[in-house]
Amino acid sequence: QQQVKQSPQSLIVQKGGISIINCAYENTAFDYFPWYQQFPGKGPALLIAIRPDVSEKKEGRFTISFNKSAKQFSLHIMDSQPGDSATYFCAAGRSGGSNYKLTFGKGTLLTVNP
Amino acid sequence: DTEVTQTPKHLVMGMTNKKSLKCEQHMGHRAMYWYKQKAKKPPELMFVYSYEKLSINESVPSRFSPECPNSSLLNLHLHALQPEDSALYLCASSLPGAKNIQYFGAGTRLSVL
(Lines give C-alpha, C1' and ligand atoms only; values in the text may rest on other atoms or scores of the structure.)
Protein backbone atom coordinates (compact mmCIF):
# COMPACT_ATOMS: atom_id res chain seq x y z
CA GLN A 1 0.00 0.00 0.00
CA GLN A 2 3.01 2.25 0.34
CA GLN A 3 4.15 1.79 -3.25
CA VAL A 4 4.37 4.42 -5.93
CA LYS A 5 4.55 2.89 -9.38
CA GLN A 6 6.34 4.95 -12.03
CA SER A 7 6.45 4.45 -15.78
CA PRO A 8 8.13 4.32 -18.18
CA GLN A 9 11.50 3.20 -16.86
CA SER A 10 13.19 5.08 -19.70
CA LEU A 11 12.04 7.56 -22.31
CA ILE A 12 13.63 8.99 -25.43
CA VAL A 13 12.16 12.19 -26.87
CA GLN A 14 13.22 14.47 -29.68
CA LYS A 15 14.04 18.09 -28.93
CA GLY A 16 10.88 20.14 -28.89
CA GLY A 17 8.67 17.14 -28.10
CA ILE A 18 6.55 16.43 -25.05
CA SER A 19 7.86 14.10 -22.36
CA ILE A 20 5.25 12.36 -20.22
CA ILE A 21 6.00 10.36 -17.08
CA ASN A 22 3.25 8.65 -15.13
CA CYS A 23 2.91 7.60 -11.50
CA ALA A 24 0.24 5.72 -9.60
CA TYR A 25 -0.19 5.33 -5.87
CA GLU A 26 -2.30 3.15 -3.61
CA ASN A 27 -2.32 4.86 -0.23
CA THR A 28 -5.16 7.38 -0.17
CA ALA A 29 -3.58 9.04 2.87
CA PHE A 30 -0.89 10.54 0.64
CA ASP A 31 -1.50 14.26 0.26
CA TYR A 32 1.71 15.64 -1.22
CA PHE A 33 3.19 14.64 -4.56
CA PRO A 34 6.58 16.10 -5.55
CA TRP A 35 8.70 15.44 -8.60
CA TYR A 36 12.47 15.42 -8.37
CA GLN A 37 14.99 15.83 -11.18
CA GLN A 38 18.41 14.26 -10.77
CA PHE A 39 21.44 14.73 -13.00
CA PRO A 40 24.29 12.19 -12.87
CA GLY A 41 26.48 12.67 -9.82
CA LYS A 42 24.11 15.21 -8.27
CA GLY A 43 21.42 15.10 -5.62
CA PRO A 44 17.73 15.15 -6.52
CA ALA A 45 16.36 18.66 -7.04
CA LEU A 46 12.75 19.48 -6.22
CA LEU A 47 11.16 20.32 -9.56
CA ILE A 48 7.46 20.80 -8.91
CA ALA A 49 4.88 19.48 -6.45
CA ILE A 50 1.12 19.22 -6.14
CA ARG A 51 -1.49 18.59 -3.47
CA PRO A 52 -4.70 16.64 -4.19
CA ASP A 53 -6.97 19.69 -3.95
CA VAL A 54 -5.85 20.81 -7.42
CA SER A 55 -5.93 18.88 -10.69
CA GLU A 56 -3.10 20.64 -12.44
CA LYS A 57 -0.09 22.78 -11.64
CA LYS A 58 2.18 24.44 -14.16
CA GLU A 59 5.61 25.94 -13.71
CA GLY A 60 7.21 27.03 -16.94
CA ARG A 61 7.53 24.03 -19.25
CA PHE A 62 6.70 21.58 -16.45
CA THR A 63 3.13 20.58 -15.63
CA ILE A 64 1.78 18.10 -13.09
CA SER A 65 -1.64 16.59 -13.79
CA PHE A 66 -3.39 14.93 -10.87
CA ASN A 67 -6.32 12.50 -10.99
CA LYS A 68 -7.46 11.83 -7.44
CA SER A 69 -10.14 9.27 -8.30
CA ALA A 70 -7.69 7.22 -10.37
CA LYS A 71 -4.87 7.76 -7.86
CA GLN A 72 -2.56 8.82 -10.63
CA PHE A 73 -0.39 11.82 -11.36
CA SER A 74 1.88 12.66 -14.23
CA LEU A 75 4.64 15.04 -15.24
CA HIS A 76 4.53 16.70 -18.64
CA ILE A 77 7.60 18.46 -19.99
CA MET A 78 6.69 20.67 -22.91
CA ASP A 79 9.21 21.66 -25.57
CA SER A 80 11.71 19.15 -24.16
CA GLN A 81 15.35 20.22 -24.38
CA PRO A 82 18.60 18.22 -24.28
CA GLY A 83 19.31 19.91 -20.94
CA ASP A 84 16.22 18.15 -19.54
CA SER A 85 17.99 14.80 -19.94
CA ALA A 86 18.06 13.43 -16.41
CA THR A 87 16.39 10.90 -14.13
CA TYR A 88 13.00 11.94 -12.82
CA PHE A 89 11.51 10.56 -9.62
CA CYS A 90 7.93 10.98 -8.53
CA ALA A 91 7.19 10.71 -4.84
CA ALA A 92 4.30 10.77 -2.41
CA GLY A 93 4.06 11.73 1.23
CA ARG A 94 1.70 12.44 4.08
CA SER A 95 1.65 15.73 5.91
CA GLY A 96 0.87 16.10 9.57
CA GLY A 97 2.11 14.33 12.65
CA SER A 98 5.50 12.67 12.40
CA ASN A 99 5.16 11.63 8.76
CA TYR A 100 8.58 12.46 7.40
CA LYS A 101 8.78 9.74 4.81
CA LEU A 102 8.57 10.21 1.08
CA THR A 103 7.75 7.13 -0.97
CA PHE A 104 9.65 7.35 -4.24
CA GLY A 105 8.88 5.82 -7.61
CA LYS A 106 11.69 3.84 -9.23
CA GLY A 107 12.62 6.65 -11.58
CA THR A 108 12.49 7.44 -15.29
CA LEU A 109 15.63 8.08 -17.30
CA LEU A 110 14.76 10.77 -19.84
CA THR A 111 16.95 11.32 -22.87
CA VAL A 112 16.17 14.27 -25.12
CA ASN A 113 17.90 13.99 -28.47
CA PRO A 114 19.02 17.20 -30.23
CA ASP B 1 18.28 29.96 -0.90
CA THR B 2 17.56 26.24 -0.82
CA GLU B 3 21.09 25.00 -0.39
CA VAL B 4 22.13 21.92 1.51
CA THR B 5 25.91 21.54 1.53
CA GLN B 6 27.57 18.16 1.86
CA THR B 7 31.24 17.39 2.37
CA PRO B 8 33.27 15.68 1.17
CA LYS B 9 32.02 15.20 -2.38
CA HIS B 10 33.95 11.97 -2.77
CA LEU B 11 35.31 9.55 -0.18
CA VAL B 12 37.28 6.34 -0.53
CA MET B 13 37.77 4.28 2.59
CA GLY B 14 38.94 0.87 3.63
CA MET B 15 36.81 -1.51 5.62
CA THR B 16 38.72 -0.75 8.83
CA ASN B 17 38.63 3.03 8.51
CA LYS B 18 36.55 5.52 10.45
CA LYS B 19 35.27 8.50 8.53
CA SER B 20 32.48 11.07 8.77
CA LEU B 21 30.16 12.74 6.32
CA LYS B 22 29.00 16.26 6.99
CA CYS B 23 25.84 18.12 6.01
CA GLU B 24 25.00 21.77 6.62
CA GLN B 25 22.00 23.97 5.92
CA HIS B 26 21.17 27.53 6.91
CA MET B 27 17.54 27.66 5.83
CA GLY B 28 16.13 27.31 9.35
CA HIS B 29 14.97 23.79 8.58
CA ARG B 30 14.47 21.71 11.70
CA ALA B 31 14.19 18.29 10.08
CA MET B 32 17.26 16.72 8.51
CA TYR B 33 17.60 13.41 6.72
CA TRP B 34 20.19 10.91 5.57
CA TYR B 35 19.48 8.86 2.46
CA LYS B 36 21.46 6.18 0.65
CA GLN B 37 21.18 5.92 -3.12
CA LYS B 38 22.49 3.12 -5.26
CA ALA B 39 22.98 3.56 -9.00
CA LYS B 40 19.75 3.76 -10.99
CA LYS B 41 17.65 3.46 -7.82
CA PRO B 42 15.61 5.97 -5.83
CA PRO B 43 16.94 7.34 -2.54
CA GLU B 44 16.39 5.10 0.49
CA LEU B 45 15.72 6.79 3.81
CA MET B 46 18.20 5.97 6.57
CA PHE B 47 17.66 8.46 9.40
CA VAL B 48 15.51 11.48 10.25
CA TYR B 49 16.32 14.09 12.87
CA SER B 50 13.61 16.44 14.04
CA TYR B 51 14.60 19.35 16.28
CA GLU B 52 18.01 17.71 16.78
CA LYS B 53 16.45 14.48 18.05
CA LEU B 54 16.57 11.18 16.19
CA SER B 55 13.04 10.59 14.96
CA ILE B 56 13.43 7.73 12.50
CA ASN B 57 16.03 4.99 12.14
CA GLU B 58 15.15 2.73 9.25
CA SER B 59 16.87 -0.30 10.79
CA VAL B 60 20.24 0.88 9.58
CA PRO B 61 23.29 -1.22 10.64
CA SER B 62 25.19 0.19 13.60
CA ARG B 63 28.28 0.79 11.44
CA PHE B 64 26.40 3.96 10.42
CA SER B 65 26.05 6.39 13.32
CA PRO B 66 24.21 9.69 12.82
CA GLU B 67 24.72 12.82 14.89
CA CYS B 68 22.97 16.18 14.92
CA PRO B 69 25.14 18.64 16.89
CA ASN B 70 22.84 21.60 16.21
CA SER B 71 19.94 22.68 14.04
CA SER B 72 22.20 23.42 11.06
CA LEU B 73 24.52 20.43 11.10
CA LEU B 74 24.11 16.73 10.50
CA ASN B 75 26.90 14.17 10.54
CA LEU B 76 27.08 10.53 9.56
CA HIS B 77 29.89 8.60 11.21
CA LEU B 78 31.12 5.55 9.34
CA HIS B 79 33.00 2.61 10.81
CA ALA B 80 33.87 -0.86 9.56
CA LEU B 81 31.87 -0.48 6.37
CA GLN B 82 31.45 -3.18 3.78
CA PRO B 83 31.98 -2.87 0.01
CA GLU B 84 28.21 -3.09 -0.49
CA ASP B 85 27.89 0.18 1.43
CA SER B 86 29.42 1.99 -1.52
CA ALA B 87 26.77 4.43 -2.72
CA LEU B 88 25.79 8.08 -2.98
CA TYR B 89 24.87 9.37 0.48
CA LEU B 90 22.41 12.22 0.39
CA CYS B 91 21.44 14.70 3.05
CA ALA B 92 18.12 16.54 2.92
CA SER B 93 16.29 19.05 5.07
CA SER B 94 12.78 20.41 5.45
CA LEU B 95 10.77 22.93 7.43
CA PRO B 96 8.81 21.65 10.44
CA GLY B 97 5.50 22.60 8.88
CA ALA B 98 6.36 21.18 5.50
CA LYS B 99 8.05 17.91 6.26
CA ASN B 100 7.63 16.45 2.84
CA ILE B 101 9.13 19.42 0.98
CA GLN B 102 12.63 18.06 1.22
CA TYR B 103 15.67 19.76 -0.27
CA PHE B 104 18.62 17.55 -1.07
CA GLY B 105 22.33 18.19 -1.09
CA ALA B 106 24.60 17.06 -3.91
CA GLY B 107 25.66 13.99 -1.97
CA THR B 108 28.88 12.25 -1.02
CA ARG B 109 30.02 9.51 -3.36
CA LEU B 110 31.40 6.81 -1.06
CA SER B 111 33.56 3.92 -2.21
CA VAL B 112 34.47 1.20 0.28
CA LEU B 113 37.44 -0.92 -0.72
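As shown above, the structure is provided for reference.
Below or above, wherever it landed, is the structure these notes cover. Everything quoted here is computed from the prediction, not taken from an experiment. (Residues numbered from 1 in each chain as written. Chains lettered and ligands numbered in written order. Predicted model: local features only at pLDDT ≥ 70, side-chain atom pairs only at ≥ 80, totals over all residues. Heavy atoms only, no water.)

1. Re the overall build of chain A
- When helices and strands are counted, chain A shows zero helices and eleven strands.
- Order of helices (α) and strands (β) in chain A, N terminus to C terminus: β-β-β-β-β-β-β-β-β-β-β.
- Its C-alpha atoms give chain A a radius of gyration of 14 Å, near enough to 13 Å, the size a compact globule of 114 residues would have.
- For chain A, the C-alpha atoms occupy an extent of roughly 45 × 30 × 20 Å along the three principal directions.
- Of all 114 residues assigned to chain A, the portion counted as buried reaches 43%. (Helix = DSSP H or I, 4+ residues; strand = E, 2+ residues; numbered from the N terminus. Rg over C-alpha atoms; globule rule 2.2 N^0.38 Å. Buried < 20%, exposed > 50% of the residue type's maximum accessible area, 1.4 Å probe, protein only.)

2. Considerations on the pairing of strand β11 (residues 108-112) of chain B
All names here are of chain B.
- What you see with β11 is a clean split: Thr-108, Leu-110 and Val-112 sit on the buried side and Arg-109 and Ser-111 on the side with no burial.
- Both strand β2 (residues 10-13) and β11 contribute to a ladder of four bridges, which runs parallel. Looking at β11, one finds that Met-13 is bridged to Val-112.
- Of the strand pairs in this sheet, strand β9 (residues 87-95) and β11 are connected by three bridges, and their pairing is antiparallel. Considered in β11, the bridge of Tyr-89 is made with Thr-108. (Pairing = 2+ DSSP bridges.)

3. Side note on the interface of chain B and chain A
- Of the residues lining the interface, 25 residues belong to chain B; the matching set on chain A comes to 23 residues.
- For the pair chain B and chain A, the two sides together bury roughly 1,700 Å², of which 59% comes from carbon and sulfur.
- Linking chain B to chain A there are one salt bridge.
- In this structure, the salt-bridge partner of A:Lys101 is B:Glu58, at a minimum N-O distance of 2.9 Å.
- The interface formed by chain B and chain A contains six residue pairs in polar contact (both at pLDDT 80 or more).
- For the side of chain B that touches chain A, the secondary-structure elements that each account for two or more residues are β4 (31-37), β5 (44-50), β6 (53-57), β9 and β10 (98-104) of chain B.
- Ranked by residues supplied to the side of chain B that touches chain A, first place goes to β10(B) with six residues.
- Here the side of chain B that touches chain A is built from residues that sort into 14 nonpolar, six polar and five charged. (Contact = heavy atoms within 4.5 Å. Buried area = accessible area lost by both parts, 1.4 Å probe. Salt bridge = Lys/Arg side-chain N within 4 Å of Asp/Glu carboxyl O. Polar contact = N/O pair within 3.5 Å; in protein donor to acceptor, adjacent residues only side chain to side chain. Nonpolar A, V, L, I, M, F, W, Y, C, P; charged D, E, K, R; others polar.)

4. Comments concerning the sheet that holds strand β1 (residues 4-7) of chain B
All names here are of chain B.
- Taken in spatial order, the four strands make up an open sheet running β1-β3-β8-β7, and their pairing is antiparallel. The open sheet has two edge strands, β1 and β7 (64-70), and neither has a second partner. Going across the sheet, the axis of each strand differs from the next one's by a mean of 20 degrees, ignoring polarity.
- Alignment of β1 against strand β3 (residues 18-25), held across four bridges, turns out to be antiparallel. Within β3, the residue paired with Val-4 across the bridge is Gln-25. (Axes fitted to C-alpha atoms, helices over the stretch in contact; angles between N-to-C directions.)

5. Quick notes on unusual backbone geometry
- Here the bond from A:Ser7 into A:Pro8 is cis, since omega is -5 degrees, no more than 30 degrees from zero.
- Following the sequence through the fold, A:Pro8 ends up in the loop between β1 (4-7) and β2 (10-14).
- In this structure, B:Pro8 follows B:Thr7 across a cis peptide bond, with omega equal to -10 degrees.
- Inspection of the secondary structure assignment puts B:Pro8 in the loop between β1 and β2.

6. Focus: the state of the cysteines
- Throughout the structure, instances matching the rule amount to two disulfides over all chains.
- Disulfide pairing is shown between A:Cys23 and A:Cys90; the S-S distance is 1.9 Å. Taking the torsion about the S-S bond as the criterion, the A:Cys23 to A:Cys90 disulfide, at about -100 degrees, is left-handed. Residue A:Cys23 is located in strand β3 (residues 19-25), and its partner A:Cys90 is located in strand β9 (residues 86-93); the two are separated by 67 residues in the primary sequence.
- The side chain of B:Cys23 participates in a disulfide bridge whose partner is B:Cys91; the two sulfur atoms lie 1.9 Å from each other. The sign of the S-S torsion, about -70 degrees, decides the handedness of the disulfide formed by B:Cys23 and B:Cys91: left-handed. Pair noted here: B:Cys23 is in strand β3 and B:Cys91 is in strand β9, with a separation of 68 residues, a long-range link. (Disulfide = S-S within 2.5 Å.)

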